[in-house]
Amino acid sequence: MLGILPQAAVVKTVTETGAKKYKSLDKNQKMAVNIGGLALFAGVLFMGYKMYSGMKDTISWFTGAKSEEERKAAETKVKSQIDQEINKVGITPTIGIATAKGIAQALLDAMEYPGTYEEQIYSNLSVLKNSADWLLVGREYGMPRKRTLVAELYNELDNKEMIKAKAILSKIGVTI
């Protein structure tokens, strides 16, 4: 506590001395001091901005925001490709978007937690009637874990299980 009092006295003396010197300056000198102070403030502000923007990528990586942005961009691209494929196939889906979302969610639920529920996957794939249904479900599935539905099936099912899933899909003309 005692060390603070002498420091406060020095700061007060320096401030008073600076104020007296400023008051003694003529108009042009005061303007030069003011412009210099503004330039210094702008420089510090600019340096702070550059430091923040340089760290922004690091911060977004650390918080996962960058990864999420990349996943969403990839998902948007995949959905656009699927839309083009649906139009190219020329077959009308037999299910609506709400049903496709429900099937996609059921497939995600079957694969999301430890242990894959293969029967749930097979039963949901069996609901599909044509390749347009498959594409619509794939579109609605998106990339919740940075993988498309096809990649997710290959990741979750072993060879024997994958043969069964491929057999179900081949009945509707889908080859994965």
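Predicted model, so just to flag it, every value in this text is computed and none were measured.

Here is what the cut-offs are and how they apply
Residues numbered from 1 in each chain as written. Predicted model: local features only at pLDDT ≥ 70, side-chain atom pairs only at ≥ 80, totals over all residues. Heavy atoms only, no water. Helix = DSSP H or I, 4+ residues; strand = E, 2+ residues; numbered from the N terminus. Contact = heavy atoms within 4.5 Å. Areas by Shrake-Rupley, 256 points an atom, 1.4 Å probe, with all protein chains shown as cover. Axes fitted to C-alpha atoms, helices over the stretch in contact; angles between N-to-C directions. Parallel < 35°, antiparallel > 145°, perpendicular 65-115°, else oblique. Left-handed = near helix turned anticlockwise from the far one by under 90°. Nonpolar A, V, L, I, M, F, W, Y, C, P; charged D, E, K, R; others polar. Buried < 20%, exposed > 50% of the residue type's maximum accessible area, 1.4 Å probe, protein only.

Peer 1: Which parts of the structure should I look at to understand the overall build of the chain?
Peer 2: Looking only at helices and strands, one finds eight helices and zero strands in the chain. Tracing the chain from N to C terminus, the helices and strands come up as α-α-α-α-α-α-α-α. In the chain, the share of contacts with a sequence separation of at least 24, taken over all contacts with a separation of at least 6, comes to 65%. Within the structure as shown, the chain displays about 12,200 Å² of accessible surface, and the carbon and sulfur contribution to it stands at 63%.

Peer 1: What's the story with the packing of helix 5 (residues 118-126) against helix 8 (residues 159-170) in this structure? I'm lost.
Peer 2: Helix packing geometry: the angle between the two helix axes and the distance between the axes. Interhelical geometry of helix 5 versus helix 8 gives an angle of 10° and a closest axis separation of 9 Å. The angle between the axes of helix 5 and helix 8 places the two elements in the roughly parallel class. Viewed along their axes, helix 5 and helix 8 form a crossing whose handedness is right-handed. Residue-level contacts link E118, E119, Y122, L125 and S126 of helix 5 to E161, K164, A165, I168 and L169 of helix 8. Here the contact of helix 5 with helix 8 is composed, by residue class, of five nonpolar, one polar and four charged.

Peer 1: Mind showing me how you'd approach unusual backbone geometry here?
Peer 2: For residues that are not glycine, phi is negative in most cases, and the peptide bond is trans in most cases. Here the phi dihedral of K146 falls at roughly 65°; this positive angle occurs in a residue that is not glycine. In this structure, K146 sits in the loop between helix 6 (131-141) and helix 7 (149-156). A relative accessible area of 51% places K146 in the exposed class.

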